[in-house]
Amino acid sequence: MRRTLPQAVPFLARRRGVLLRLGGWSLLESAQTFLGGYGVAAALDRGFLAGQPVVGLGWLAVTAAAVVAGGAATHRVFHRLADLVEPLRDGLVRRVVGSALSSAVAGRGGRTGHAALSRLTHQTEAARDGFAGLVMVTRSFVFTTAGVVVGLATLAPALLLVVLPPLAAGLVLFIAALRPMAARQQDFLRTDEELAARIGSDVAGLRDIVACGAEARAADAAGELIDAQTRAARALARWAAVRTLALGLAGQAPVVLLLAAAPWLRARGVTAGELLGALTYLTQALLPALNTLMTGLGTAGTRLLVILDRLTGPDEPPAPGSSTAPAVRAVEQDAAAGAVEQDAAASDPEARPCGAVTVLADARPRTPGPRQPAPQQGTPAEPGAAAPSLELRSLSFSYGPGATPVIDGLDLLVEPGEHLAVVGPSGIGKSTLFGLVAGLLEPDRGTLLIGGAPVHRPDRDPSAARRALIPQEAYVFGGSLRDNLLYLCPGGAPTPDVEAAVRAVGLDGVVRGLGGLDARIDPAALSQGERQLVALARAYVAPARLVLLDEATCHLDPAAEARAERAFADRPGTLLVIAHRLSSARRADRVLVLDGVSATAGRHEELLERSPTYRDLVGQWHPRAG
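Described below are features of the structure shown in this document. (Residues numbered from 1 in each chain as written. Predicted model: local features only at pLDDT ≥ 70, side-chain atom pairs only at ≥ 80, totals over all residues. Heavy atoms only, no water.)

With that settled, the discussion passes to the overall build of the protein chain. A tally of helices and strands in the protein chain yields 20 helices and 12 strands. Taken across its 626 residues, the protein chain has 49% of its residues classed as buried. Long-range contacts, defined as pairs at least 24 residues apart, comprise 76% of the intrachain contacts of the protein chain with a sequence gap of at least 6. For the protein chain, the accessible area works out to roughly 28,000 Å², and carbon and sulfur atoms hold 59% of it. (Helix = DSSP H or I, 4+ residues; strand = E, 2+ residues; numbered from the N terminus. Buried < 20%, exposed > 50% of the residue type's maximum accessible area, 1.4 Å probe, protein only. Contact = heavy atoms within 4.5 Å. Areas by Shrake-Rupley, 256 points an atom, 1.4 Å probe, with all protein chains shown as cover.)

So, about the pairing of strand β10 (residues 574-578). In terms of residue burial, β10 counts as a mostly covered element, since five of its five residues are buried. Where strand β3 (residues 419-423) meets β10, four bridges bridge the pair, whose relative direction is parallel. Pairing of V422 across the sheet is with I578, part of β10. Pairing geometry for strand β9 (residues 546-549) and β10, over four bridges, is parallel. Residue L549 lies in a different strand from β10, and its bridge partner there is V577. You can see the chain leave β9, run along helix α17 (residues 558-570) and come back into β10, and the turn it takes is right-handed. (Pairing = 2+ DSSP bridges. Right-handed = clockwise from strand over helix to strand, strands pointing away.)

Below, the discussion takes up the packing of helix α14 (residues 495-505) against helix α16 (residues 528-541). With their axes 9 Å apart at the nearest point, α14 and α16 run at an angle of 130 degrees to one another. Regarding the angle of α14 to α16, the classification is oblique. Like other packed secondary-structure pairs, α14 and α16 cross with a definite hand, here right-handed. In this structure, α14 uses D497, V498, A501, A504 and V505 to contact α16, whose residues at the interface are L533, L536, A537, Y540 and V541. Tallied by class, residues from the contact of α14 with α16 come to nine nonpolar, no polar and one charged. (Axes fitted to C-alpha atoms, helices over the stretch in contact; angles between N-to-C directions. Parallel < 35°, antiparallel > 145°, perpendicular 65-115°, else oblique. Left-handed = near helix turned anticlockwise from the far one by under 90°. Nonpolar A, V, L, I, M, F, W, Y, C, P; charged D, E, K, R; others polar.)

So, about the packing of α16 against α17. The contact between α16 and α17 brings their axes to 11 Å, and the two run at 10 degrees. On the basis of the axis angle, α16 is roughly parallel to α17. Between α16 and α17, the residues in contact are L536, A539 and Y540 and A564, A567 and F568, respectively.

Moving on, we get to the pattern of salt bridges. Following the criterion strictly, the structure yields nine salt bridges and no others. As a salt-bridge pair, E418 and R590 come within 2.4 Å of each other at their nearest N and O atoms. Here E418 is found in the loop between β2 (407-414) and β3, whereas its partner R590 is found in strand β11 (residues 590-594), with 172 residues between them in sequence. The partner of R482 in a salt bridge is D518, and the shortest N-O contact between them spans 2.8 Å. (Salt bridge = Lys/Arg side-chain N within 4 Å of Asp/Glu carboxyl O.)

Positionally, D550 belongs in the loop between β9 and α17. In this structure, D550 is buried with no salt-bridge partner, the nearest side chain bearing the opposite charge being K430 at 7.6 Å. (Lys, Arg positive; Asp, Glu negative; His and termini not counted.)

Here we take up the environment of L28. Structurally, the position occupied by L28 is in helix α2 (residues 16-48). Separated by 41 residues in the primary sequence, L28 and A69 place their C-alpha atoms 7.1 Å from one another.

Across the sheet, four strands lie side by side as β2-β1-β4-β5; this open sheet has antiparallel pairing. Every interior strand has two partners, whereas the edge strands, β2 and β5 (453-454), have only one. Pairing between strand β1 (residues 390-397) and strand β4 (residues 445-450): five bridges, direction antiparallel. By the bridge assignment for β4, E391 is matched with L449. The strands touched by helix α12 (residues 430-438) are β1, β2 and β4; relative to β1, the strand with the most contacts, the crossing angle is about 120 degrees.

For the rest of this paragraph, the subject is α14. An α-helical turn contains 3.6 residues, so any two residues separated by three or four positions project in the same direction. Of all the residues in α14, the buried ones are D497, V498, A501, V502, A504 and V505. Within α14, the buried residues cover an arc of 165 degrees as seen down the axis, which keeps them to one side. The inward-facing, buried residues of α14 abut α13 (481-485), α15 (508-514), α16 and α17. In the segment just after α14, G506 is the residue with positive phi, at about 85 degrees. (Arc of directions from axis to C-beta.)

To continue, consider unusual backbone geometry. Even without glycine at this site, S394 takes up a positive phi of about 50 degrees. Relative to the helices and strands, S394 is located in strand β1. Judged by relative accessible area, S394 falls into the partly exposed class, the value being 42%. The phi dihedral of E551 falls on the positive side, at around 55 degrees, and the residue is not glycine. As for its placement among the helices and strands, E551 is situated in the loop between β9 and α17. E551 sits in the partly exposed class, given a relative accessible area of 23%.

Next comes the structure, spelled out in structure tokens:
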């Protein structure tokens with residue numbers, strides 16, 4: 001408000017002509033108000049009570065004509081209002097856009113983008129509507145009150161002694177409450193803007209939040225803003241009660257006092273018609289004008305001052321250390337400090353993303369403590385964590401009751417350390433099969449065993465850390481490259497092991513280009529192939545001994561794909577790959593063919609002889625892709 005009010009004076013001064021025209025038409029409303037009470041008094045005293053009903057009807061006709069003239073004047077006022085309101089809106093839009101562009105150039109666009117959008121749309125339109133309403137209610141009250149005061153003085157000056165004191169007291173109380181009401185409105189708008197920014201940033205970084213186990217932190221931060229907004233709304237409601245008290249004092253108390261003081265007024269020569277005219281002034285003109293003014297100023301007016309104060313002031317984005325800093329920023333700060341893996345596995349071990357690089361980690365609660373050296377490559381992550389077998393017995397799955405099964409009675413045995421490629425037409429159920437093996441889907445019927453143990457959902461499976469699924473859309477979060485690579489290693493891993501994984505899958509060129517393992521990365525700046533290499537290296541260095549590559553190399557060229565698949569084939573463990581090139585199938589120990597009716601497993605040469613579906617697929621693969 002300190003910025004808004006000084007700027008309002010020159011704005012209005014430059015539009016003095018518009019204000020004069022508005023005032024000229026508003027004078028007709030004052031005349032209407034004056035004749036509204038005076039005409040009733042004259043009709044009663046000079047007409048009906050004097051035995052001259054024609055005179056009384058004549059005065060009522062004059063009063064009715066004044067109402068019609070006042071309506072025409074109000075119509076003209078609305079026409080002139082646009083000359084005052086639209087320049088304000090245009091100026092605010094230019095200022096908001098300019099401020100947003102300046103923030104973007106200064107590198108603060110990410111923090112101010114959501115606030116700028118709110119200001120350009122919701123707040124700018126609210127300012128225009130609020131300003132138009134404020135002009136109308138203020139103008140109406142001023143000219144209506146002028147007509148009422150002149151009318152009461154014309155009827156009987158003693159009436160002013162009864163009406164003016166409570167009117168003045170109510171107005172003083174209302175004016176005194178305007179500043180705290182505006183402050184509470186400012187608190188409400190600020191929390192609303194911060195909540196919008198918080199939700200916007202959380203939605204944009206939802207995968208990072210889930211991946212780092214920060215759901216509770218994000219929910220708590222949003223909850224704090226919601227609570228602050230609730231407190232501001234309650235405080236605003238309390239000051240609205242003060243406004244109601246002021247309205248009762250200024251608008252309704254004069255009516256009660258006028259009725260109570262009627263004998264005293266009559267004793268001083270005030271006629272019945274003058275009393276009725278005074279009541280008409282109060283109930284038909286002053287009270288509605290007061291109600292409109294206090295409602296308009298108490299809500300739209302204070303809100304307008306706050307919005308203008310924010311729109312015309314400099315951008316003040318939340319400080320990075322404030323309570324309103326986005327959860328994603330906090331997650332990235334944790335990642336830079338090397339704490340992402342602790343947040344993901346120790347702070348909230350049950351929170352795991354689906355559709356990103358799916359982390360199938362041990363879901364048992366753990367207490368954060370000193371990091372233990374990671375097992376060397378080829379060493380089991382824990383006793384009994386050698387390359388597991390995979391066994392499917394009459395496995396069936398469908399998406400919903402009554403739906404055609406996607407997997408129907410599948411029997412399969414994958415030996416420990418075997419490399420199996422899965423092929424089949426698009427949509428036949430290959431990714432569904434991998435989802436079942438990973439524990440992300442629950443079969444309708446049948447048994448699924450990994451290393452002889454049943455498979456359960458990752459958050460309920462103590463052996464979930466022994467398997468990892470890498471989908472087609474590789475997940476990379478903001479932070480250091482090392483943090484990304486160690487995401488599946490809650491206890492960390494020695495640098496030589498990380499470097500070995502980088503070399504094995506062919507990520508070393510990307511690492512050099514980024515500036516080393518500790519370089520911070522922007523996921524959006526990486527190509528899809530580079531993100532897939534990061535995900536592959538992450539799975540390679542992880543303790544998981546059953547790796548599922550769900551077209552996780554589809555964005556790599558054939559040579560890079562071959563290098564990555566050979567690296568996993570040579571790595572201790574069991575490997576399942578959804579093949580989209582002939583070369584992937586030929587590199588595997590065996591190939592599983594899904595055709596929607598049956599499943600056939602065998603070596604490449606065997607399947608060419610006994611599987612028509614496999615022969616068709618091989619014929620469709622381009623030779624260069626093999």
